Every structure is written in C-alpha cells, then in structure tokens.
Amino acid sequence: MTNKPLGNVYVAFAKKRFLSSMAYRFNHWMTILSSVFSVFIFFNLYRALYYGNTELDGITLSMVATNLIISFIIGDAFAMDDDFLRNKINNGTIANEFLRPVNFKLRILAEDLGQTIFNLIFRSGPAFLITVLWIGMEPPKSSGHLLLSMIALIFGFLVCWNLSFIVQSLAFWIINVWSISTIKGVLFSLLSGCILPLWFLPDAVRTIASFTPFESIYFGTVEIYLGLVNEREIVAIYCKQWIWIVLLYLIGDFLWKHGQKKLIVQGG
Amino acid sequence: MEDVLIKVNHISKSFRIAKQKQGIINAVKQMIKPNYILKKAVDDINFTIKEGEMVGFLGPNGSGKSTTVKMLSGILHPDQGSIEVGDFIPYRDRKKYVSQIGVVFGQKSQLAWDLPVLESFDLLKHIYRIEEKKYQDNLERFVTLLDMKDFLLQPVRQLSLGQRMRADIAASLLHSPKIVFFDEPTIGVDVVGKEKIREFIVELNKTDRITMLFTTHDMQDIEKTCDKAIIIDHGTMIYDGTLASIKERFGNTKQIEVTMDQHQEIVTIENVSIENVSQQGDFKYRFSYEKNKISLDWLMKEILSTYSVKDFSIIEPGIESIIRKIYEGQVMI
Amino acid sequence: MKDAIAMFYQYSRVTMKSWFQYRVDALLRSLAVFLREATGIISIILVFTKFDVSGINNWNINELVFLYSFLFSTYGVLIIFFTGLLDFGKTVQDGTFDRFLLRPRGVLFQIIASDADWFAAIGHGTLGIVLFSYATSKIEVIWNLGNILYLASAFVGAILIQGAMFLFFASLSFYFVKASNVHGVLFWNLRNIAGYPLSIFPKILQYMLMYVAPFAFVNYFPAQFLLRNDDIVNYPDIYLYLTPILGIVMYFCAYCFWRVAMKRYKSTGN
C-alpha cells in the first residue's frame, strides 16, 4: 500500500457491517435466546454433575457459571466469518478487492470489529443481563482484576481473529472451508473452556490444551477475573496470548501472500 | 386453428414489503417493530394468447413481468382475477399442468452445477417420465439445433453463460411442452449466443407450434422473434398488440437529421422541434415532426429552401426508442 | 411407490456423483460432521475421566452412551430423508422451491429426494451403531422378542418425531425470512441436551423436552423402557410406550401445517 490508507475508510467498513447486522430482526432475538439457552442448559448439566457436592477439586458451581457466562456469552460476540474469503473467491469479487486502495486484511478486521462491537452491545448485552439474573455469577476479585481480565479478553479476540483468518486463507486451496471451520469449532468447544471448563479436563488433555491457541482465547480472562492467578501469572497469560497472536498472524500472512499469488497465477 | 390458449382475466397481485429507512435509529426501530407497505406488483392485467403465438412480454425491471410469469406457470395465485390455460387453471391442477409447460429462468439454472449437462437431462427424463424414444429424439434434435455437442459432457460450472443458457433451454423442452415461458432467456449472453438462442426459438415455434411467452428487456429479442407484444409498467398493462402496430401507433414522430455546410441562423417552423446536435466542426440539426401533421416532402422543401444543406438522413424510430418513450411517459396510449 | 423409490434412486445417484466431484472435500466434510456430533459425548467422557463421579442422576457412563446412541442412529436415517428441509429458507429465497413447483412430482418428495445426505447419514449412523454396540455390551439388556419389536417401532417413531419437527420448521420459512434460527434454538439446542438424562433438568426444560420439542420420546423414554433407572418414577408409565404413536401423530400434524403453509406461499409469494 503506497498511499496512506484513510482511517475513516475502515470506520466506514465497520459501520457498514454494524448497520447490516441490524437488518435481520427476527434472527437477532433468536440468537440472543439461543446463547442464553445454551448457557442455561450447560449450567444445569454441571449442576447435575455436582449433585450433592459443593465443589469438585476446589471448583465451585458458581465458578463454572462465571466461566460459562464470560466465555460463552461475551465470547459469543467475537465475530468471525470463516467463509468471508471463500465467498469473495467464489463470486469473483476478490479481484476487485485487490484493486481497491485499501488493505484487504485490515478491512476484514475492521468489518469483524464492527460486527463484534455490535454483538457486544446488542447481543451479548441482553444475553449477559438475562443469564446473570438467572443463574448468577461470581463478582470479580477486584476492580483491578476486572480491568486486567478485560485486557486479556481483547487479546483473546485477536487470537481468535487470527485463527479465523488462517481458516479463511485456506480457501485459496480448499474448495469448501466449512469442514475445516467445523473441525476448528470442535477443538474450540473442547479446548477453549467455553463449554467444558478447562478445570474439568483430565490432566493429560489439559496439558495438550495449554499448547494450543484455544486456551489463550477466553480462559485467561476467566482466571484473571476470578483472581485465580497472581501478578506473575497474569503477565504470563498476556505473554502467551501475544506469542499466539504473533505466531498465528505470521502463519496467516504466509498463507495469505501465497494464496494471493496462486490466485493471480491461476486467474481465480 | 387460431384458438385462444391462454386467457388472463383481470389479474392482480400485491406483496407485503418491509419498509426500510436509512440510519441507525431507524434500523433499531425496524428491528423492534417492523413496518410494512403493500405493493401492488400486478394491477388488473388482462390479455389472451392464441395457440402457437409468440408473445413478447416487455417492461422495465420491477414492472411485474416475473410475477405475471409466476402466476401463469402456477407458482403463485392471483389475488384477484383468473387464469385459464387450455383446460387448466395453472394454480390448481399443478402436476398435470406443469407437465405441459416449460419454464426457463435466465437468472436461475435448473441444471446440477457440478455435473455434466447430460446428467441433468437424464434426471429430467425420469422426473417428467419421458419415454426413452421421445427423449432420444428430442435430445438429438436440440443438440443439433442448439449446437451443444461440444459441451454436453462438461460440468455445468465450466460452461459459458451462453452455453449454460442453451442447455437450460433444452432442459425445459425435453418433455415436449405445449407452452414455454421464458424469463429473461438471453440475460448476460453475448451477441452470438443470443442470436443462436433466438434462431432456435423461432425454429421451434415454427415447426412444433409451441406457444411462447417471453419476458425480456432486450428489445432485439422481441423484434427478432415475436409477432405480438404486451407491455407492462408499474404492474399495469399499457399495450397489447402486434409489434407492427406499435410502430404505426407510436412511431408517429419522425426525424430528419440535417448537416449544413456552415453556421446558419435557425428559423422556427410550426409543429417542428429543432434540436442542435452539432459535434466538433460540423453543424447538425435534428428536425422532429409528427407524421400526421406535416408531410415529409413539404418539410424537406422548407429545409432545402431555407438552408444550404450538405447532407441529410431520415431516421425511422426503432421499437427500442419507442418503448423507451412509452416507459418515460412521453407517449400516451 | 415403486416409481417413487426408482426416482429417489435417480436423485441419489446424481447427488452422489456431485459429491464425488470433490472427493477430499466430501471426506473432510464427513469427518467434520462426525467430530461435531461426537463433541458432546467426548466432553462427558472427559469429565468422567477427570472426576470420580458415580454418574449423572445415577446414570453411569455406559448408560449415558446408550442414551446418546439412540439420538445418532435415528438421526442417521433422518438425514437421508429430511436434509432438504434443513436450510429450507434458502431454498425458498433463491427460487429453487419455485422450480420444484414446476415439476410434475410431489413437492415434498422432490425436496426430500433431491437432497438425501448419504455421507452424513453414514457418519451419524456409524457413530450411533458403534455407541449402541458398545453400550449394550456393557449393560444388561434382555433381548426378547417384545423388546426387539419395541425397539424397532420406537426407532421408526423417533425418526418421525424429528422429521415432523424438520417439516414444521421448514414450513415456518414460508412465513419468516429467516426461520432457520427458530429451528436452531428449538431443535439443535434441545437436541444437544437430549443426550443427557431428562431428569437432571429443571421442570420447565423437562416440559419442553416432552411437550414442545419432544426429544424425550426420541431417546430418553425408549432407553428407559429397557433400563428402568430410578428417575423413571417421575414420569407416567404410559410415556414409555408412546414413541411410535407420537411419531405418527406429529408427522401427520406437521404435514398438514406444511400444506397450509405452502398454500399461503402460493397466495402471498415471498
């Protein structure tokens, strides 16, 4: 990009996405209901598992609820359209994107951010209120912990986004990214702690999870929020998140550049 | 022989449409309490088509053409009025009726995207329960007429738009329908492809006496294939008659384009509008007049006696420009 | 009937051929479906490995697997016949549905036959059979004629119950632009929890699973018919036998709604 990309171009992309999200009213309420419902179900499942016990290995049911609300309700706002690039390639509009004086990757990020902010306010907001009133949630350890956990959440978004970008970029090689996206979703459910809190994983699986980026998405936020980690561990969580952000970014960039070349050579 | 086949009696059709306004606040409002408006897509349309006739159905986008075709093919019911096609009421005896008709949607292929054209044809043979002999005969004939031999075994996704459209048209005709509706059959197709499609359609109409209805906004499609045209705009029918009589009735305005050898003072003539269409370095004027008010030789004499003329040409209005004028409301019916 | 089967075969042949155009993709897709479906049971196994819990409401891990296997084996058949109704909103909007109306075959038949998903069927079915065989080898089930007959009719009933829900939600697509999310909330969410014993949920959810989207009759009651775990005392005895009849009744009602909705589509368009 030679000429300075205008910041407000990206604002426009974010705004566009924000507005178009409002178009599907019915869909929208249903999505909120759906998240609330999911959390409620899992909460009940865990309650049945806890039957008679106040805690399992030091983990109380209320901590599990907190984990569910943070990772499922708030994390649900993270907008990633794994099919975005695929669609652009399929319908041929990808060529126009390369011609525009706009950084395409930043543009996707901007759109996803617009969507995420929309989701946070209009989707996670109501869902959060309902679930907190319904099943309750632990308060943060302190306001400082709350703030630090928010930071971890933002880093978590970046991890998540870069992961999605890698899946998207695979569209240059794979006809249908749906399968990859779904398999990613399975790993997500099992290893990020969003449905199955990481405390509940057998030690061996927990160790595996700690070597994957999935662990760096929500779980740090939950641990900091609950005050389960000390200052040094918080720094370690941030560092780990950034290692993943950088690593995943580099992989995504590599795939993106090669994919672009491939597309140009083959002419789509 | 010239029996009325399609009888459309004063049909109307309305749709409910969500009202969309600009801006974030309105978007929020719409999300909570949607507003609808009733849009009349087709308003009291009335016509008949005879057996074996080829009729062009004209109108700008969103004028109600497709809705009418959907009603004729039995997909939608009219809100008011009725349709009879032969012994059928399209929206009532669906299964029997649709085996007698073929529908080609230019925008939406009915072929399996990933498979060779022939596979889709074969499936249609089973769907329509076409006898093997008839199927083979039709196939052979269409392959020749539509020049499909080269791509019959290619997956549809690899075909050009023109090839795909030809295959789609053949697909809609395999079961030898008596009536065929074409909804924008040449959209996006290149000139050569369009020509092939038109020739095929004319040929088929001639030999098989298939009744055809065409919607298009490509005027050439109509001029080259149809004898009759129905024009609709904003859901109402504004013309129903032969193409020749459109020209006769609305082609009243004629023009003479005059090139003069130098700049000259322009004198007004009663009942003639004069327009300066000069381009760089020449002096060109267009004289428009009504055929029934002024005669050509009188006007020519006037012009030649007033100006020193280098060249002139008489412009016959084409069907396209007439119809554009009709849409624009310049010509009243 | 013979004609319909022949036509179904023709459609499936075409669908299969399309799929085989992209072999790697088809394989990946089946794997993805398989993994996605197995997520729930994997989660349970993981939790049971970590903690030494006796079970969920006295259902031990083998019985839970048994409960799960019902869901998958029935779904394996369901998806052969009802995939076409899954993303039905799109079918209506992109005009594919209009094309079905223009062909001299039953509309519902075309929707079903043109989209039979044999690959997913194999994925779900295999998972169902594997889990079923594993579970029945670990728990004591008496295989007498009565039980076998019951199981067979409950199997058909369970498919019809879910098919009726598919048909119901597809019919809603004629009314709402995006009805797929109603399907999402009611069908998929409730289906996800149907893998667990009914009795662990609050009353409202139990009612939903019995009377709104009656998954309890898809797997919980048929499983209880054979297992008779303690928590069955909470429910009327008759529920154990209801699955086959309920399947027929629900499917009939859904079909009627479908007819009404289709009529509406024809008179209002979309």
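Here the structure is shown first, and the text comes after it.
What you see is a predicted model; the values in this text were computed from it and never measured.

The subject of this paragraph is the overall build of chain C. Counting secondary structure elements, chain C contains 12 helices and zero strands. When the helices and strands of chain C are listed from N to C terminus, the series reads α-α-α-α-α-α-α-α-α-α-α-α. Compactness check: chain C gives a C-alpha radius of gyration of 19 Å against a globular reference of 18 Å for 270 residues, within 12% of the reference. With the C-alpha coordinates aligned to their principal axes, the bounding extent of chain C is approximately 60 × 40 × 35 Å. The long-range fraction of contacts in chain C, counting pairs at least 24 apart against all pairs at least 6 apart in sequence, stands at 75%. One finds the centroid of the 20 positive side-chain charges in chain C at a distance of 12 Å from the centroid of its 14 negative side-chain charges.

Summing up its helical and strand segments, chain B has 11 helices and 13 strands in all. Taking the principal axes of the C-alpha coordinates as reference, chain B spans close to 75 × 55 × 45 Å. Every one of the 333 residues in chain B was classed for burial, and the buried ones make up 48%. Long-range contacts, defined as pairs at least 24 residues apart, comprise 71% of the intrachain contacts of chain B with a sequence gap of at least 6. Of the roughly 16500 Å² of accessible surface on chain B, a fraction of 49% belongs to carbon and sulfur atoms.

The next point concerns the sheet that holds strand β13 (residues 309–315) of chain B. What holds strands together in a sheet is hydrogen bonding between their backbones, with the strands either parallel or antiparallel. Residues and elements named next belong to chain B. If you trace the four strands from one edge of the open sheet to the other, you get β11-β12-β10-β13, paired in antiparallel fashion. The open sheet is flanked by β11 (272–276) and β13, the only strands paired with a single partner. Taken over all neighbouring pairs, the strand axes of this sheet differ in orientation by 20 degrees on average, direction set aside.

Moving on, we get to the environment of Phe217(C). All names here are of chain C. Checked against the element boundaries, Phe-217 lands in the loop between α10 (203–212) and α11 (220–227). Overall, the relative accessible area of 2% leaves Phe-217 in the buried class. Separated by 30 residues in sequence, Phe-217 and Gly-247 place their C-alpha atoms 8.9 Å apart. Every residue in contact with Phe-217, bar those within four places of it in the chain, is listed here: Ile-161, Met-210, Pro-222, Tyr-239, Leu-242, Thr-243 and Leu-246.

A word on helix α6 (residues 161–173) of chain B. Residues and elements named next belong to chain B. When the terminal C-alpha atoms of α6 are compared, their 19 Å separation across 13 residues agrees well with the 18 Å that a helix rising 1.5 Å per residue should span. The buried fraction of α6 is high, at 11 of 13 residues. Of the residues making up α6, those classed as buried are Gly-162, Arg-164, Met-165, Arg-166, Ala-167, Asp-168, Ile-169, Ala-170, Ala-171, Ser-172 and Leu-173. Taken together, the buried residues of α6 touch β5 (101–105), α4 (117–127), α5 (132–145), β6 (179–183) and α7 (191–208).

Residues and elements named next belong to chain B. The mixed open sheet is built from six strands, whose spatial order is β5-β6-β7-β3-β8-β9. The strands lining the two open edges of the sheet, one partner per strand, are β5 and β9 (236–242). Pairs of neighbouring strands in the sheet enclose a mean axial angle of 15 degrees, with direction left out of account. Judged from the five bridges that link them, β5 and β6 form a sheet pairing that is parallel. Its bridge partner being in β6, Gly-102 is matched across the sheet by Val-180. Of the strands in this sheet, β5 and β6 touch α6, which is tilted by about 160 degrees from β5. Contacts from α7 reach β3 (54–58), β6 and β7 (211–216) within the one sheet, and its direction differs from that of β7 by about 155 degrees.

Further remarks concern the nonpolar core. Grouped burial of nonpolar side chains is what soluble globular proteins tend to show. Core analysis: the largest hydrophobic core is formed by 255 residues, its most contacted members being Phe121(B), Phe97(C), Phe221(C) and Trp258(C). In this structure, Trp258(C) is in contact with Leu85(C), Phe88(C), Phe97(C), Val107(C), Leu108(C), Ile111(C), Leu167(C), Ala170(C), Ser171(C) and Phe174(C), ignoring residues within four places of it in sequence. Met260(B), Ile269(B), Val272(B) and Leu299(B) belong to the second largest nonpolar core, which has 13 residues in total.

With that settled, consider the environment of Ala216(C). Residues and elements named next belong to chain C. Inspection of the secondary structure assignment puts Ala-216 in the loop between α10 and α11. For the pair Ala-216 and Val-24, spaced 192 residues apart in sequence, the C-alpha separation works out to 37 Å. When neighbours within four sequence positions are excluded, Ala-216 is seen to be in contact with Leu-198, Leu-209, Met-210, Phe-221 and Pro-222.

Quick look at the interface of chain B and chain C now. Note on interface size: it is often stated as the accessible area lost on association of the parts. Taken together, the contacts link 32 residues of chain B with 28 residues of chain C. When chain B packs against chain C, close to 2800 Å² is buried across both sides, 53% of that on carbon and sulfur atoms. The largest per-residue losses of area from chain B upon contact with chain C belong to Ile75(B), Arg94(B) and Ile127(B), which jointly make up 22% of the total buried on that side. Put simply, chain B and chain C have five salt bridges between them. Put simply, the parts of the chain that give the side of chain B that touches chain C at least two residues each are β1 (4–18), α3 (94–98), β5 and α4 of chain B. Split into classes, the residues belonging to the side of chain B that touches chain C amount to 15 nonpolar, six polar and 11 charged.

This brings us to the interface of chain A and chain C. At the interface, 35 residues of chain A touch 37 residues of chain C. Joining chain A to chain C, the criterion identifies one salt bridge. Residue Lys50(C) pairs with Asp203(A) through a salt bridge whose shortest N-O separation is 3.2 Å. Connecting chain A to chain C are two residue pairs in polar contact (both at pLDDT 80 or more).

What follows is about the packing of aromatic side chains. In total, this model carries 55 aromatic pairs over all chains according to the counting rule given. Aromatic side chains Phe165(A) and Trp256(A) sit 5.8 Å apart centroid to centroid with 55 degrees between the ring planes, which places their arrangement in the tilted category. In this pair, Phe165(A) sits in helix α7 (residues 143–169) while Trp256(A) sits in helix α11 (residues 231–266), placing the two residues 91 residues apart along the sequence. For the pair Phe165(A) and Trp256(A), one class covers both residues: buried. Taken together, the ring pairs connect Trp59(C), Tyr207(C), Tyr211(C), Phe217(C), Tyr220(C), Phe221(C), Tyr235(C) and Tyr239(C) into an aromatic cluster. Lying across the ring of Tyr75(C), Arg191(C) places its NZ or CZ 4.4 Å from the centre. Over the ring of Phe225(C) we find Arg228(C); its NZ or CZ atom is 5.3 Å from the centre of that ring.

The rules behind these values
Residues numbered from 1 in each chain as written. Chains lettered and ligands numbered in written order. Predicted model: local features only at pLDDT ≥ 70, side-chain atom pairs only at ≥ 80, totals over all residues. Heavy atoms only, no water. Helix = DSSP H or I, 4+ residues; strand = E, 2+ residues; numbered from the N terminus. Rg over C-alpha atoms; globule rule 2.2 N^0.38 Å. Contact = heavy atoms within 4.5 Å. Lys, Arg positive; Asp, Glu negative; His and termini not counted. Charge placed at Lys NZ, Arg CZ, Asp CG, Glu CD. Buried < 20%, exposed > 50% of the residue type's maximum accessible area, 1.4 Å probe, protein only. Areas by Shrake-Rupley, 256 points an atom, 1.4 Å probe, with all protein chains shown as cover. Pairing = 2+ DSSP bridges. Axes fitted to C-alpha atoms, helices over the stretch in contact; angles between N-to-C directions. Expected span 1.5 Å × (residues − 1). Core = buried A, V, L, I, M, F, W, Y, C linked by side-chain atoms within 4.5 Å. Buried area = accessible area lost by both parts, 1.4 Å probe. Salt bridge = Lys/Arg side-chain N within 4 Å of Asp/Glu carboxyl O. Nonpolar A, V, L, I, M, F, W, Y, C, P; charged D, E, K, R; others polar. Polar contact = N/O pair within 3.5 Å; in protein donor to acceptor, adjacent residues only side chain to side chain. Phe/Tyr/Trp six-rings, centres within 6.5 Å; stacked < 30°, edge-to-face > 60°. Lys NZ or Arg CZ within 6 Å of the ring centre and 35° of its normal.

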